[in-house]
Amino acid sequence: MFWILSRTPLLVASALSWVLACLWWFLIPYRRQVAIDGYRRAFPEVSPGPDLRRMVHGVILGYFELCREMRVPGSIRMDYSGEQAMLAALQLGHGSFLLSGHFGSWDLCGAMVCRDLQLPASVIVKTPKNRAAADMIERIRTAFGMGLLPVRNVMATVYEEVQHGRQVVFLLDQRLSRGIDVPFFGEPARTSPALAHAAAKSEKPVHTLWFIRDGVGRHRAEIGPPIPMTGDVEADTTAFMKFYEERIRQHPHNWFWLHKRWRR
C-alpha cells in the first residue's frame with residue numbers, strides 16, 4: 001500500500017481522492033449522517049454536502065502526500081508563519097504547550113512542522129486498538145522526529161517534558177466523555193480540561209498551531225501567539241474552544257467532522 005500511495009502522481013491522487021470522497025458520501029450513510037448532524041449544529045443555514053466532501057477529499061489526499069513525503073523528503077511544500085517567537089523561546093530552553101487540532105491533513109502537516117522547524121515536541125495520542133494500525137502510526141510520526149505520549153497516566157510526563165524545554169502538543173477538538181462542558185458553536189461540548197490544568201500548574205505558555213491546504217502538494221502552518229491564561233480551568237478551556245471555533249468558521253471544510261463532538 002505504501003509503495004502504491006508514495007508513487008501515485010499527485011494530480012492522479014487528487015482525482016482518486018475526489019472519487020473516494022463521492023463514494024463515501026453515497027455508500028457510508030452512518031458516517032455521512034454523523035458529519036451532517038455536526039455540521040448543521042455549527043452552520044444550520046449552509047448546505048453541508050460540498051464542504052464535507054471537500055473535507056474527505058483533503059484527508060484522503062493527505063495520506064497520498066504523506067507517503068510521498070516519506071519516500072521523497074521535500075516533495076510536499078509547507079509554508080510557515082508566526083513561528084519566530086516560539087522558536088526563540090525554545091532556543092532559550094523554555095518549554096511550552098502547543099494547541100492544535102484535526103485541521104486539514106493533520107498527520108502530514110504536524111509531522112512536517114516537527115521536522116522542518118526541528119521542534120523538540122511530543123504529542124499526546126490515543127493508541128488505536130488495532131496493533132498494525134498503531135505500529136504504522138508510530139513509525140510515521142517518529143520518522144519525522146515527533147515524540148509520542150500515550151493518553152493513560154500521562155500528566156507526570158507532560159510536566160517533565162515542558163520543564164526540560166520541550167513542547168507538548170494537545171488536540172482538544174474531539175469529545176472527552178469525562179471532560180467538562182464548555183461552549184462550542186453555542187452548545188455545551190464535553191472537552192478535556194487537561195491542558196488548562198497543565199498550563200495553570202506549570203505556568204508555561206500555550207501557543208496555537210493551525211493547518212490549511214493551499215493546493216495539491218501545498219500546505220500552510222500558522223503558529224499563533226500564546227493564548228492569555230487566567231488560571232481558571234473552565235475559562236481557559238473555553239478560550240481553547242474559541243480558537244477552534246474561529247478557525248472552523250473561516251474554513252469549515254478544513255476540520256474533521258466525522259465524530260460526535262456534541263454527544264452527551
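Just above sits the structure.
Described below are features of the structure shown in this document.

Rules of the game
- Residues numbered from 1 in each chain as written.
- Predicted model: local features only at pLDDT ≥ 70, side-chain atom pairs only at ≥ 80, totals over all residues.
- Heavy atoms only, no water.
- Buried < 20%, exposed > 50% of the residue type's maximum accessible area, 1.4 Å probe, protein only.
- Helix = DSSP H or I, 4+ residues; strand = E, 2+ residues; numbered from the N terminus.
- Pairing = 2+ DSSP bridges.
- Core = buried A, V, L, I, M, F, W, Y, C linked by side-chain atoms within 4.5 Å.
- Contact = heavy atoms within 4.5 Å.
- Patch = residues over 30% accessible without salt bridge, like charges linked within 9 Å, V, L, I, M, F, W, Y side chains within 5 Å.
- Areas by Shrake-Rupley, 256 points an atom, 1.4 Å probe, with all protein chains shown as cover.
- Salt bridge = Lys/Arg side-chain N within 4 Å of Asp/Glu carboxyl O.
- Phe/Tyr/Trp six-rings, centres within 6.5 Å; stacked < 30°, edge-to-face > 60°.
- Lys NZ or Arg CZ within 6 Å of the ring centre and 35° of its normal.
- Lys, Arg positive; Asp, Glu negative; His and termini not counted.
- Polar contact = N/O pair within 3.5 Å; in protein donor to acceptor, adjacent residues only side chain to side chain.
- Expected span 1.5 Å × (residues − 1).
- Arc of directions from axis to C-beta.

The next subject is the pairing of strand S3 (residues 121–125). Most of S3 sits inside the fold, with 5 of its 5 residues counted as buried. Side chains Ala-121, Val-123 and Val-125 project from S3 onto one buried face, and the interleaved Ser-122 and Ile-124 project onto a second face that is buried too. Of the pairings in the sheet, the one linking S3 to strand S5 (residues 167–171) comprises 3 bridges and is parallel in character. Residue Val-123 lies in a different strand from S5, and its bridge partner there is Val-169. Alignment of S3 against strand S4 (residues 147–150), held across 4 bridges, turns out to be parallel. What sits directly across from Val-123, in S4, is Leu-148.

A separate point is the nonpolar core. For soluble globular proteins, the rule of thumb is that nonpolar side chains tend to be buried together. With 74 residues, the main nonpolar core has Phe-97, Leu-99, Phe-184, Phe-240, Tyr-244, Ile-248 and Trp-257 as its most contacted residues. Tallying contributions element by element places helix H6 (residues 106–116) first for this core, with 7 residues. With residues near it in sequence (within four places) discarded, Ile-248 still touches Phe-43, Phe-103, Phe-184, Phe-185, Trp-255 and Trp-257. Ala-13, Leu-61, Phe-64 and Cys-67 belong to the second-largest nonpolar core, a separate cluster that totals 5 residues.

What follows is about a nonpolar patch on the surface. On the surface, a cluster of nonpolar side chains totalling about 600 Å² of accessible area is made up of Val-19, Leu-20, Leu-23, Phe-26, Leu-27 and Ile-28. Among the secondary structure elements, Leu-27 is positioned in helix H2 (residues 10–27).

This part covers the packing of aromatic side chains. Enumeration over the complete set of coordinates arrives at 15 aromatic pairs. Plain terms: the ring middles of Phe-43 and Phe-185 are 5.6 Å apart, the flat faces sit at 65 degrees to each other, and that makes the pair edge-to-face. Placement of the pair is Phe-43 in the loop between helix H3 (29–42) and helix H4 (49–71) and Phe-185 in the loop between strand S6 (180–184) and strand S7 (187–191), with a sequence separation of 142 residues. The pair Phe-43 / Phe-185 is uniform in exposure class, with both members buried. Taken together, a centroid distance of 6.1 Å and an interplanar angle of 90 degrees make the contact between Phe-103 and Phe-243 edge-to-face. Of this pair, Phe-103 sits in the loop between strand S2 (96–100) and H6 while Phe-243 sits in helix H10 (residues 233–250), placing them 140 residues apart in sequence. One exposure class covers both Phe-103 and Phe-243, and it is buried. Members of the aromatic cluster, each reached through a chain of ring pairs, are Tyr-39, Phe-43, Phe-184, Phe-185, Trp-255, Trp-257 and Trp-262. Note that Arg-53 overlies the ring of Trp-25, its terminal NZ or CZ placed 4.9 Å from the centroid. Lying across the ring of Trp-210, Arg-247 places its NZ or CZ 5.8 Å from the centre.

Our next topic: unusual backbone geometry. Positive phi is not limited to glycine here, since Gln-118 has a value of about 55 degrees. Within the fold, Gln-118 resides in the loop between H6 and S3. Classification of Gln-118 by relative accessible area gives exposed; the value is 69%. A positive phi is found at Phe-185, a non-glycine position, where the angle reads about 55 degrees.

Here Asp-236 shows up in helix H10. One buried charged side chain, Asp-236, makes no salt bridge at all; its nearest oppositely charged neighbour is Lys-242, positioned 12 Å away. Of note is the side chain of Asp-236, whose polar atom sits 3.1 Å from the backbone nitrogen of Gly-231. Not counting residues up to four positions away in its chain, the partners in contact with Asp-236 are Ala-196, Pro-228, Met-229, Thr-230 and Gly-231.

Turning next to helix H7 (residues 131–143). Look at H7: 18 Å from first C-alpha to last across 13 residues, which is about the 18 Å you get at 1.5 Å a residue. Listed as buried for H7 are Ala-134, Ile-140 and Arg-141. End-on view of H7: buried residues confined to an arc of 130 degrees, all on one side of the axis. Turned more than 90 degrees away from the buried face of H7 sit Arg-131, Ala-132, Arg-139 and Ala-143, all of them exposed. Packing partners of the buried residues in H7 comprise H4, H6, S3 and S4. Where H7 ends, the next residue or the one after it, Gly-145, has phi of about 90 degrees, a positive value.

This part takes up the side chain of Arg-68. Residue position: Arg-68 is located in helix H4. Here Thr-8 takes part through its backbone oxygen, which lies 2.9 Å from a polar atom of the side chain of Arg-68. Contact partners of Arg-68, with chain neighbours within four places excluded, come to Ser-6, Arg-7, Thr-8, Pro-9, Leu-10, Ser-75 and Ile-76.

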